[in-house]
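If you want the building blocks of each chain, they are given just below.
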Amino acid sequence: MTDATLTQTGREPRSAGALIGRRLLRWGLYALLCLFALYYLLPLFVMLTTSLKSLEEIRTGSLVALPREVTFDAWGKAWSGACTGIQCEGLRPFFWNSVMMAVPGVLLSTLIGALNGYIFAQWRFRGANLFFAFLLFGCFIPFQVVLLPMARMLGIFGLAGTIPGLIFVHTIYGLGFTTLFFRNYYVTIPHELVRAAKIDGAGFFRIFWSIFLPLSLPIAVVTIIWQFTQIWNDFLFGVSFSSAGSQPITVALNNIVNSTTGVKEYNVDMAAAIIAGLPTLFVYIVAGKYFIRGLTAGSVKG
Amino acid sequence: MTDWLSRHVPKIVLAPTFVAVLLFVYGFIAWTAWVSLTRSKLLPRYEIDGLIQYERLFASPRWDTALSNLFVFGALFIGISMILGLMLAIFLDQKIRIEGALRTIYLYPMALSMIVTGTAWKWILNPGLGIQAMVQGWGFESFTFDWLINPDMALYAIVMAAVWQASGFVMALFLAGLRSVDGEIIKAAQVDGIPTWRVYTAIIIPSMAPIFLSAFIVLAHLAIKSFDLVIALTGGGPGYATDLPATYMYAMAFSRGDLGQAASSAMIMMLVVFTIVVPYLYSELRAKND
């Protein structure tokens, strides 16, 4: 590689000393990059090893040591026995709460976002731009500013402390981003397509269903991953609008870690943290490309 | 009739979103703004009573700490993440063979919940069994690393965890930016014998100005909203040492029962976001329409 760049410059290859220097520089670069990889991996490594140790070993051993004796007790306890307050059922019920909250929340906000995006991109009307700007701005508000009235409204409609209430909140405040994603994607589809379909007698929904939806797989994947990560990882709405029975997993994890009763079980805490992080981590590893695309689209464009 | 309907279908489909945004974003902001001007305590009251809540807010030492924490935290978090992200992006851009794997490793923390991140770092930084104990165990008995329980340092522990979580994302943004710079210009510069570092400082980095802006906006936004990480890592403690506006607002709303203070602190948060985001959104949308 070094040789290639040298000849590319069209100049004479430098002396042997310079070549060795370049090679050393390259090794230094790799060493530095790997060092940073260690920095990012260390917390995950420590979490994993701690979760596989016994409490006794945690107290006597070093933070970064591998477990002398691997035990999955902490994982079992984190899943079905750890206390989140007075309840001691582990993370399991809260894991399913999160699933029941995230799946409808993701599907609803994605579907509505697709329709909205389709309109903003292809069925422009007067005032659409202004409305789009207002919608975009909604993505940026600090949610603290809607927390109080939302709590009251959910109370009035009997949705306070329920999973449907959380689904509703996540759908509403997810719409800005999902609309943005689909709009930016559909804008690249030529208007002539819609015009031609209209001449052939196809209506609004027909065009969406038979032309746009089949083209939407990539952006749908990006949106679904984005929304899933947002909703699964949310803490603020979860802690503000849920009650003991409907808490999402992030709230339960925080309760386990900060529960003050009994002995501090670090191995259980770590196992619980990994369980809570596993679904999004899994999505990231399987579909990392789309995950990154969502992140960059969500930031560069909006 | 059907003609009218078919002409207005797009607007009808968009109407629920329109109503929802109007009500749940702007209506709710208006509600909060209104309540911030009243003497609401446990329950909202609607008689306007001037700026009394804001006066209380800025007279409160706890809010003072929270606000200055936000600026210290924000500056360090944004600054370090940007520098680290840019550095990693430039290094990764040197035709590194294992780039894909490294990129995956640098970015994975962004997929995690801040609560998970906080839990992990709380364990690593706890003085009794974490890094401090480990280094002491190596024979450096006097080594101390007690940021998490030291009121003067706890905020920096939060910066550390936040940088760990977000810097990989900044790297990804910058890397995408580096890749979009015109390769011909770089090649031409190399033909002219300009050293690589000069190519970066004089050509590539200046051409990435919009990406710097995007990264700044995203990070600033994350910093202002930071709530989960503080709750998981320090709970705002020791004392109020790591309180941020977000945790202050939450405490007032849900444990102190002081709606007036919660509303006014939320409005100040909103104002901070406003001053950062609106000029950005404005320029973005205008550029698109042109």
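Each value, and the rule that gives it
Residues numbered from 1 in each chain as written. Chains lettered and ligands numbered in written order. Predicted model: local features only at pLDDT ≥ 70, side-chain atom pairs only at ≥ 80, totals over all residues. Helix = DSSP H or I, 4+ residues; strand = E, 2+ residues; numbered from the N terminus. Rg over C-alpha atoms; globule rule 2.2 N^0.38 Å. Buried ≥ 20, exposed ≤ 12 C-beta atoms within 10 Å, placed from the backbone. Contact = placed C-beta atoms within 7 Å. Expected span 1.5 Å × (residues − 1). Arc of directions from axis to C-beta. UniProt positions renumbered as here; feature names shortened; annotations may be inferred. Nonpolar A, V, L, I, M, F, W, Y, C, P; charged D, E, K, R; others polar. Bend = angle between axes of the 7 residues up to and from the residue. Domains from an automatic or database assignment. Axes fitted to C-alpha atoms, helices over the stretch in contact; angles between N-to-C directions. Parallel < 35°, antiparallel > 145°, perpendicular 65-115°, else oblique. Left-handed = near helix turned anticlockwise from the far one by under 90°. Core = buried A, V, L, I, M, F, W, Y, C linked by C-beta atoms within 7 Å. pLDDT = per-residue confidence, 0-100.

1. A short note on the overall build of chain A
Tallying secondary structure elements over chain A gives 15 helices and zero strands in all. For 302 residues, the compact-globule estimate of 2.2 N^0.38 gives 19 Å, and the C-alpha radius of gyration of chain A, at 26 Å, exceeds that figure by more than 25%. Counting only C-alpha atoms and orienting by the principal axes, one finds that chain A spans roughly 75 × 75 × 35 Å. Taking all 302 residues of chain A together, the buried fraction comes to 47%.

2. A word on the overall build of chain B
For chain B, the count of helices and strands is 13 helices and zero strands. Against the globule reference of 19 Å for 290 residues, chain B gives a C-alpha radius of gyration of 24 Å, more extended than a compact globule. Taking the principal axes of the C-alpha coordinates as reference, chain B spans close to 75 × 70 × 35 Å. The contacts in chain B between residues at least 6 apart in sequence include a share of 68% that link residues at least 24 apart.

3. Details of helix α10 (residues 204–215) of chain A
With 12 residues, α10 of chain A should reach 16 Å at 1.5 Å per residue; the first-to-last C-alpha distance of 16 Å fits that figure. Every buried residue of α10 of chain A is listed here: F204, I207, F208 and F212 of chain A. Each buried residue of α10 of chain A lies within a common arc of 95° when the element is viewed along its axis, so the set occupies one face. Residues of α10 of chain A that are exposed and point over 90 degrees away from its buried face: W209, S210 and P214 of chain A. The secondary structure elements touched by the buried residues of α10 of chain A are α5 (92–122), α8 (163–186) and α9 (191–199) of chain A together with α1 (2–35) of chain B.

4. Brief notes about the UniProt feature "domain: ABC transmembrane type-1" (unreviewed entry) in chain B
The positions UniProt marks with the feature "domain: ABC transmembrane type-1" (unreviewed entry) are residues 67–280 of chain B. The distance separating the terminal C-alpha atoms of residues 67–280 of chain B is 23 Å; by composition the span is 72% helix and 0% strand.

5. So, the interface of chain A and chain B
On the side of chain B, 81 residues touch chain A, which itself brings 74 residues to the contact. Element by element, the count of residues in the side of chain A that touches chain B is highest for helix α2 (residues 16–51) of chain A, at 11 residues. In terms of residue class, the side of chain A that touches chain B is made up of 51 nonpolar, 20 polar and three charged.

6. Side note on helix α14 (residues 266–286) of chain A
Given a rise of 1.5 Å per residue, 21 residues ought to cover 30 Å, and the 29 Å separating the end C-alpha atoms of α14 of chain A matches this to within 8%. The sharpest bend along α14 of chain A measures roughly 45° and falls at L278 of chain A, with the proline P279 of chain A sitting one to four residues further on.

7. What about unusual backbone geometry?
Most of the time, phi is negative for any residue but glycine, and the peptide bond is trans. Residue and element names in this part refer to chain B. Despite not being glycine, K95 has its phi angle at roughly 55°, a positive value. Looking at the secondary structure, you find K95 in the loop between α3 (61–92) and α4 (99–107). The exposure class of K95 is exposed, given the 11 C-beta atoms found within 10 Å.

8. With respect to the UniProt feature "transmembrane region" (unreviewed entry) in chain A
Per the UniProt annotation, the sites labelled "transmembrane region" (unreviewed entry) are residues 24–42, 99–121, 128–150, 156–182, 203–228 and 270–292 of chain A. Helix makes up 78% of residues 156–182 of chain A and strand 0%, with an end-to-end C-alpha separation of 33 Å.

9. Topic: the domain arrangement of chain A
Residue and element names in this part refer to chain A. Assigned domains within chain A: domain 1 (32–71) and domain 2 (92–301). For domain 1 and domain 2, the distance between their C-alpha centres works out to 34 Å. Residue-level contacts link seven residues of domain 1 with seven residues of domain 2. Listing elements by their share of the side of domain 1 that touches domain 2, those giving two or more residues are α2 and α3 (55–60). Among the elements that line the side of domain 1 that touches domain 2, the one with the most residues is α2, at four residues. Looking at the side of domain 1 that touches domain 2 residue by residue, the classes come out as four nonpolar, two polar and one charged.

10. A look at the UniProt feature "transmembrane region" (unreviewed entry) in chain B
Residue and element names in this part refer to chain B. Cross-referencing UniProt, the feature "transmembrane region" (unreviewed entry) maps to residues 12–34, 70–92, 104–124, 153–178, 199–224 and 262–282 in the present numbering. Span residues 153–178 is 96% helix and 0% strand, its end C-alpha atoms 36 Å apart. This span, residues 199–224, is 85% helix and 0% strand, and a straight line between its end C-alpha atoms measures 35 Å.

11. Concerning the environment of F91 of chain B
The residue F91 of chain B is located in helix α3 in this model. What makes F91 of chain B partly exposed here is the crowd of 18 C-beta atoms within 10 Å. For the pair F91 of chain B and L175 of chain B, spaced 84 residues apart in sequence, the C-alpha separation works out to 9.6 Å. Residues within four places of F91 of chain B in sequence aside, it is in contact with L29, L32 and L33 of chain A.

12. A look at the packing of helix α6 (residues 128–140) of chain A against α1 of chain B
Direction vectors running N to C along α6 of chain A and α1 of chain B enclose 45°, while the axes themselves pass 11 Å from each other. The orientation of α6 of chain A relative to α1 of chain B falls into the category oblique. Helix-helix and strand crossings are classified by hand; for α6 of chain A and α1 of chain B the assignment is left-handed. In this structure, α6 of chain A uses F131, F134, L135 and G138 of chain A to contact α1 of chain B, whose residues at the interface are F18, V21 and V25 of chain B. Residue composition of the contact of α6 of chain A with α1 of chain B, by class: six nonpolar, one polar and no charged.

13. Describing the nonpolar core
Ranked by internal contacts, the top residues of the largest apolar core, which has 172 residues, are L91, L253 and A272 of chain A together with I158 of chain B. Looking at which element gives the most residues to this core, the answer is helix α7 (residues 154–180) of chain B, with 18 residues. Shared between two domains, this core holds at least three residues of each, these being domain 1 (32–71) and domain 2 (92–301) of chain A. Residue contacts for I158 of chain B: discarding those within four places in its chain leaves F73, L229, V230, L233, T234 and T242 of chain B.

14. What to know about the environment of P279 of chain A
On the secondary structure map, P279 of chain A appears in helix α14. Taking the C-alpha atoms as reference points, P279 of chain A and C88 of chain A, separated by 191 residues in sequence, lie 23 Å from one another.

15. Here we look at the confidence of the model for chain A
Residue and element names in this part refer to chain A. Taken over all residues, the pLDDT of chain A has a mean of 85, while the share at 70 or more is 92%. The secondary structure element of chain A with the lowest average pLDDT is helix α1 (residues 2–8), at 43, and the one with the highest is α5, at 93. Segment residues 1–12 is flagged for pLDDT under 50; beyond a separation of four residues in sequence, or across chains, it makes 11 contacts in the model.

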